[in-house]
Amino acid sequence: NFLNESDLSHILRKIKVAETNEEFSESFIDVPNSGCVERTKHRTSTFMFFTKAQDSKISSIEKRSADLLGLRVDCIEGIQVVRYRCGEFFSHHHDLGTLCNGKVQL
């Protein structure tokens, strides 16, 4: 019950506007130790972020997220929406650091 019907309706309306305005970008992964990102065969989706505190509804969701995590709202990332169209996927991978003996080293 983290998101209520009003939250979901608001987010869906915002997503439709973002789609109309072509605000979705191709998903990518971080290239370890390079400071670069790249499109990869492991992630074929598109994504968009809501601007932090974009409006009162988004601010409310961000506040609940921060409270749930025990953090200040300025310490959490903006809300990200990832879109998968027919045939797109997200396969096994990790985004940051080096995987060594089942642990990620940053």
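On a predicted model such as this, the values are computed, not experimentally measured, just so you know. (Residues numbered from 1 in each chain as written. Predicted model: local features only at pLDDT ≥ 70, side-chain atom pairs only at ≥ 80, totals over all residues. Heavy atoms only, no water.)

> Provide a residue-level description of the overall build of the protein chain, including the pertinent values.
Regarding its fold elements, the protein chain presents two helices and seven strands. For the protein chain, the share of sequence-separated contacts (at least 6 apart) that also reach a separation of at least 24 residues comes to 52%. For the protein chain, the exposed area adds up to about 7700 Å²; of that, 55% sits on carbon and sulfur atoms. (Helix = DSSP H or I, 4+ residues; strand = E, 2+ residues; numbered from the N terminus. Contact = heavy atoms within 4.5 Å. Areas by Shrake-Rupley, 256 points an atom, 1.4 Å probe, with all protein chains shown as cover.)

> Can you break down helix 2 (residues 56-69) residue by residue, with the values?
Between its first and last C-alpha, helix 2 extends 20 Å over 14 residues, near the 20 Å set by a 1.5 Å rise per residue. Buried residues of helix 2: Ile58, Ile61, Glu62, Ser65 and Ala66, and no others. In an axial view of helix 2, the angular spread of the buried residues amounts to 135°, which keeps them on one side of the axis. Among the exposed residues of helix 2, those pointing more than 90 degrees away from its buried face are Ser56 and Leu68. Structurally, helix 2 contributes buried residues whose contacts are with helix 1 (5-20). At the N-terminal boundary of helix 2, the capping side chain belongs to Asp55, with an oxygen 3.1 Å from the backbone nitrogen of Lys57. (Expected span 1.5 Å × (residues − 1). Buried < 20%, exposed > 50% of the residue type's maximum accessible area, 1.4 Å probe, protein only. Arc of directions from axis to C-beta. Polar contact = N/O pair within 3.5 Å; in protein donor to acceptor, adjacent residues only side chain to side chain.)

> Please set out the sheet that holds strand 1 (residues 25-26) residue by residue, giving values where relevant.
Pairing is antiparallel across the open sheet formed by three strands, whose spatial order is 1-4-5. Across the chains shown, the open sheet's two edge strands, defined by having one partner strand only, are strand 1 and strand 5 (80-83). Of the strand pairs in this sheet, strand 4 (residues 46-49) and strand 5 are connected by four bridges, and their pairing is antiparallel. Looking across to strand 5, one finds that Phe47 is bridged to Val82. (Pairing = 2+ DSSP bridges.)

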